[in-house]
Amino acid sequence: MVNNNTLRIYRGLPYSLLLICIQILFFQTSILAQKVETGIDVLQKTNYSFLTGKKIGIITNPTGVNQYLESTIDLLHACNDVDVKVLFSPEHGIRGDHAAGEKVATYTDKKTGIQVYSLYGRQQKPSAKMLKDLDAIVYDIQDIGVRSYTYISSMGLLMEACAENNVEFIVLDRPNPFGGNKIEGCLVEPKQISFVSQFPIPYVYGLTCGELAGYLNEEGLLKDGKKCKLHVVKMEGWKRNMTFQETSLPWVPTSPHIPNSASAIYYAASGILGELYTISIGVGYTQPFELFAAEWINADDLAESLNNLQISGVLFRPVHYKPYYSVGKGLMLHGVQLHFTDIQQAPISLIQFYVMQECHKLYPNKNPFEMCEVSRLSMFDKVCGSKEIRKRFTENFLVSDIEELWFAPRESFLEKSKKYWLYN
């Protein structure tokens, strides 16, 4: 909107120049007003015509909402032309009432009275019985663009079940918080396949969930190379260079420690190190995944050491805090807060390795791999997707020893995955 102060600035300009300024002003205003519509928004505009007459199951959670924060479950359940027969729960539950890592039991959704089958517990892939008489499964979950986050594992295993039982799989697409151009990390080695690294894709994979579904389906990555009948309800208005903050969409926490869209980026920067439980990464404090701290760290020294590396797109500042729970609970910890100046230039997932590198220089007797419980080493490897990363890194504690291996798949994955891009 043009206010009086703006008008005063333009008074006295030649008419032609004034006209150009007004055009630029209205162009900028229109750009700011552009809105991204997710798959559920697009589907809703058609009055759910694609689902008319179908018996469906839904896998979703609190992030499955339209732009007005109305639940996908409730919207489809209220639609007379769509028959919602069953719900499937990923980690944290369909209504977000389960903590991280807490197994979810089979139960009845209180709001709708619909049976909820858990896919985060003893059973991670639905049985033929669970899919009986269904025409389609609808997937609507906001992902964070990082391989170790379990929602895409649930998606892929559901796709396998749909392929095996002749059930259509429908993805209501959503933005990747990084945008669609960020690719980092090695592919998962066959021996490291697990629920936190279910498919051989990079750690940060630069695709929307709809695009990833296409990649898994067509590249033969589902069990026995089977393909499901896949349909993606595309977003409208999203571009590959958009971070989530640029979409104008409301962010619903994807899990308790991802309270905002920036947290998704920080997760990639510290979550692998966090698997060791020897250095606090801010989980248990007010800034999950943004911090690196321990009792034995000198905050000023570590901040100086890291900033001296001049890592592209990042800065560090000294911090001191007491976690309320998790690593270092109730203790005064010292370390650094990570600040991004350019996430596209930053080697985001390597930052945690730079922190370990500089800590090793300053405190060589504080080896996080020796201080942790032995069981955490295998979890570190699973999240990395590779045992070789830990082996190479711990020889000298130098990022340069793993950098080539870490980024090796980037170009080849980019070329392969481009075939499945749904957005420019």
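Right, let's walk through the structure included here. (Residues numbered from 1 in each chain as written. Predicted model: local features only at pLDDT ≥ 70, side-chain atom pairs only at ≥ 80, totals over all residues. Heavy atoms only, no water.)

1. Regarding helix 6 (residues 151-165)
Moving on, step 1. For helix 6, spanning 15 residues, the distance from its first C-alpha to its last is 21 Å, which sits close to the expected 21 Å at 1.5 Å a residue.
Moving on, step 2. Within helix 6, 13 of the 15 residues are buried, which leaves it mostly tucked inside the rest of the structure.
Moving on, step 3. Two residues or fewer after helix 6 comes asparagine 166, characterised by a positive phi angle close to 55°. (Helix = DSSP H or I, 4+ residues; strand = E, 2+ residues; numbered from the N terminus. Expected span 1.5 Å × (residues − 1). Buried < 20%, exposed > 50% of the residue type's maximum accessible area, 1.4 Å probe, protein only.)

2. Some points on helix 10 (residues 351-362)
Moving on, step 1. With 12 residues, helix 10 should cover 16 Å at 1.5 Å per step; its first-to-last C-alpha distance of 17 Å lies within 8% of that length.
Moving on, step 2. Most of helix 10 sits inside the fold, with 9 of its 12 residues counted as buried.
Moving on, step 3. For helix 10, the complete set of buried residues consists of Ile351, Gln352, Phe353, Tyr354, Val355, Met356, Gln357, Glu358 and Cys359.

3. A short note on the pairing of strand 2 (residues 83-89)
Consecutive residues of a regular strand have side chains that alternate between opposite faces of the sheet.
Moving on, step 1. For strand 2, the tally of buried residues reaches 5 of 7 residues, placing the bulk of the element in the interior.
Moving on, step 2. As judged from the 5 bridges shared by strand 1 (residues 55-60) and strand 2, these two strands associate in the parallel manner. Residue lysine 55 lies in a different strand from strand 2, and its bridge partner there is aspartate 83.
Moving on, step 3. Handedness of the strand 1-helix 4 (residues 72-77)-strand 2 crossover: right-handed. (Pairing = 2+ DSSP bridges. Right-handed = clockwise from strand over helix to strand, strands pointing away.)

4. Examining the pattern of salt bridges
Moving on, step 1. Summed over the entire model, instances satisfying the criterion amount to 20 salt bridges.
Moving on, step 2. Between arginine 174 and aspartate 140 there is a salt bridge, and its shortest N-O distance comes to 2.6 Å. In this pair, arginine 174 sits in the loop between strand 6 (168-172) and helix 7 (209-218) while aspartate 140 sits in strand 5 (residues 136-140), placing the two residues 34 residues apart along the sequence. Grouping residues by exposure puts arginine 174 and aspartate 140 together as buried.
Moving on, step 3. As a salt-bridge pair, glutamate 275 and arginine 376 come within 2.7 Å of each other at their nearest N and O atoms. Residue glutamate 275 is found in the loop between helix 8 (261-274) and strand 8 (291-294), and its partner arginine 376 is found in helix 12 (residues 374-384); the two are separated by 101 residues along the sequence.
Moving on, step 4. Residue glutamate 275 is classed as buried on the basis of its relative accessible area, which comes to 17%.
Moving on, step 5. Connected through shared salt-bridge partners, Asp74, Arg95, Asp109 and Lys111 make up one network. (Salt bridge = Lys/Arg side-chain N within 4 Å of Asp/Glu carboxyl O.)

5. What to know about the sheet that holds strand 4 (residues 115-118)
Each strand in a sheet pairs with another by means of backbone hydrogen bonds, the pair being arranged parallel or else antiparallel.
Moving on, step 1. On the basis of which strands lie adjacent, the open sheet formed by 7 strands has the order 3-4-2-1-5-6-7 and mixed pairing. Only two strands of the sheet have a single neighbouring strand rather than two, namely strand 3 (107-108) and strand 7 (230-233).
Moving on, step 2. Across 2 bridges, the pairing between strand 3 and strand 4 is antiparallel. Paired with threonine 108 across the two strands is glutamine 115, which belongs to strand 4.
Moving on, step 3. Contacts between helix 7 and the sheet are confined to strand 5, strand 6 and strand 7, with strand 7 contributing the most and set at about 165° to the helix. (Contact = heavy atoms within 4.5 Å. Axes fitted to C-alpha atoms, helices over the stretch in contact; angles between N-to-C directions.)

6. Brief notes about the nonpolar core
Moving on, step 1. Grouped together as the largest cluster of nonpolar side chains are 103 residues, with contacts concentrated most on Phe88, Ile137, Phe169, Phe340 and Phe353.
Moving on, step 2. Contact partners of phenylalanine 88, with chain neighbours within four places excluded, come to Gly57, Ile58, Ile59, Thr60, Ile94, Tyr117, Leu119, Pro126, Met130, Leu131, Leu134 and Ile137.
Moving on, step 3. Core analysis: the second largest hydrophobic core is formed by 22 residues, Leu43, Tyr48, Cys79 and Ile114 among them. (Core = buried A, V, L, I, M, F, W, Y, C linked by side-chain atoms within 4.5 Å.)

7. What to know about the packing of aromatic side chains
Moving on, step 1. Per the stated rule, a full pass over the model turns up 21 aromatic pairs.
Moving on, step 2. Relative to tyrosine 151, the ring of tyrosine 149 lies with its centre 5.1 Å away and its plane at 80°, an arrangement referred to as edge-to-face. With respect to burial, tyrosine 149 and tyrosine 151 carry one shared label: buried.
Moving on, step 3. For the pair phenylalanine 244 and tryptophan 251, a centre-to-centre distance of 4.7 Å together with 90° between the ring planes defines the contact as edge-to-face. No difference in accessibility class separates phenylalanine 244 from tryptophan 251, as the two residues are buried.
Moving on, step 4. Members of the aromatic cluster, joined through ring pairs, are Tyr203, Phe353, Phe369, Phe380, Phe393, Phe397 and Trp406.
Moving on, step 5. Over the ring of phenylalanine 50 we find lysine 54; its NZ or CZ atom is 4.2 Å from the centre of that ring.
Moving on, step 6. Residue placement shows arginine 240 over the ring face of tryptophan 421; its charged tip is 3.9 Å from the ring centre. (Phe/Tyr/Trp six-rings, centres within 6.5 Å; stacked < 30°, edge-to-face > 60°. Lys NZ or Arg CZ within 6 Å of the ring centre and 35° of its normal.)

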